[in-house]
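One-letter residues, chain by chain:
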Amino acid sequence: MKNLIKYFLRIFSPIVIILSLILYSCNEQNDGLAPYVGSPQMSNITIQDSTYKPKITWLGGYVSVIGVNYGSRAALDSTLVFLIYKAGNDIRYPVIFGQVPSGVQDLTSQFGGTIVDSLTEDSTYTFWVLKEAEWNQISSMSNKILVFDSTLSTSLQVNGDTIRLSSEGHTQLIKPLDVYIDITNVNSVGRLGIITIEETNLTNSPIIRWTIIQSGVTDTAIAAVGIVEGNQFNPDAEVWAVYSVSDSAGQTQYGKVNIINPPVVTGQTLAGTQVFVEYPDGGLKKNTTYYLWIANNLWNGEGRTRTTNYYAYVTFSTN
């Protein structure tokens, strides 16, 4: 028996020693995280789309200051619409524009700015963030312009009315606010009438109006309206189609009575009509061409050219 034990020890001892060394080495390499050298650089402010109260995020760690200026420059002046501060780089992302987090100070008025409840469509804003070390050096410098300078070898440099800041403690983003569609390239065609398209700053559903111009037509109401994606009618690309509903000797008829009056918000519910193609959730898309048509009760239901009686259309683009 003793000889047998000695045999097993002779065979397995080297294996045990090797396994022990491997385990020890792994423990040494994974004993905690490697020490972090230096501070992360500030970069990449991200502004949430499709809202006037966007979430603001950034890379480079938490900060002590978040500012938003109306216009295309960051500055400690009256163009400020949002400026908040918390010591110790303790403002954590995301931050919602117009909302001052708990324990954070609103400093907007200190520099002559005016905090607003929400941003404004088709306006340009400059979003910026700042670390505490840099803020402590410039917080008393009213009416200074803050310029991001990636080539700066120091954290900041003051030149007259300009403060140049490196990515060590600062980054900024200039962003035009364009939440909803803009309407361009409007071209109204057809015998029945002239169609106009009005964008809004509230939705992606424009307002349509029309003026009847066809000789002999006195009724300003129409019997049907629709929208197609593209610059010509295509039944496979319809995004909205609505026809009036009426009864004739027990037979349901569509598009035979004029009950749709201007103005109409695209996609709205119209009394006395049947929706054959449901309007898309969220309204019309950006960067798209559309063909919108109208017809009255005398339209033959087939013709769709510029010479078709009792029919008109408009093409337009969105961006």
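Model, not experiment: these values are computed from the prediction.

With that out of the way, let us pick up the sheet that holds strand β12 (residues 170-177). Backbone-to-backbone hydrogen bonds join strands into a sheet, with any given pair of strands oriented parallel or antiparallel. Across the sheet, five strands lie side by side as β7-β5-β3-β8-β12; this open sheet has antiparallel pairing. Each edge of the sheet is formed by a strand with only one pairing partner; in this case those strands are β7 (105-106) and β12. Looking at chain direction, strand β3 (residues 65-70) and strand β5 (residues 80-85) are connected through five bridges and run antiparallel. When the sheet's bridge partners are listed, V68 is paired in β5 with F82.

Counting buried positions along strand β8 (residues 123-130) gives seven out of eight residues, so the element sits mostly inside the fold. Where β3 lies against β8, six bridges are found, and the strand directions are antiparallel. Opposite V68, over in β8, you have F127 as the bridge partner.

Turning our attention to the confidence of the model for the protein chain. When pLDDT drops low, the exact placement of atoms in the prediction is not to be read closely. Summing up the model confidence of the protein chain, the mean pLDDT is 90 and the portion of residues at 70 or higher is 88%. Across residues 1-9, where pLDDT falls below 50, the model places two contacts with residues more than four positions away in sequence or in other chains. In the predicted structure, residues 16-38 sits below a pLDDT of 50 and forms zero contacts with residues beyond four places in sequence or in another chain.

The three strands lie next to each other as β1-β2-β6, forming an open sheet whose pairing is antiparallel. Unpaired on one side and paired on the other, β1 (43-47) and β6 (95-96) mark the two borders of the sheet. Where β1 meets strand β2 (residues 55-59), three bridges bridge the pair, whose relative direction is antiparallel. Bridge pairing in β2 links T46 to T57.

Ranked by internal contacts, the top residues of the largest apolar core, which has 26 residues, are W210, V225, L292 and I294. Put simply, the parts of the chain that give this core at least two residues each are β14 (193-198), β15 (207-212), β16 (224-229), β17 (238-248), β21 (289-295) and β22 (311-318). Contact partners of V225, with chain neighbours within four places excluded, come to I208, W240, A241, V242, I260, L270, L292, W293 and I294. In this structure, V81, V95, L119 and V179 belong to the second largest nonpolar core, which totals 23 residues.

The rules we used
Residues numbered from 1 in each chain as written. Predicted model: local features only at pLDDT ≥ 70, side-chain atom pairs only at ≥ 80, totals over all residues. Heavy atoms only, no water. Pairing = 2+ DSSP bridges. Helix = DSSP H or I, 4+ residues; strand = E, 2+ residues; numbered from the N terminus. Buried < 20%, exposed > 50% of the residue type's maximum accessible area, 1.4 Å probe, protein only. pLDDT = per-residue confidence, 0-100. Contact = heavy atoms within 4.5 Å. Core = buried A, V, L, I, M, F, W, Y, C linked by side-chain atoms within 4.5 Å.

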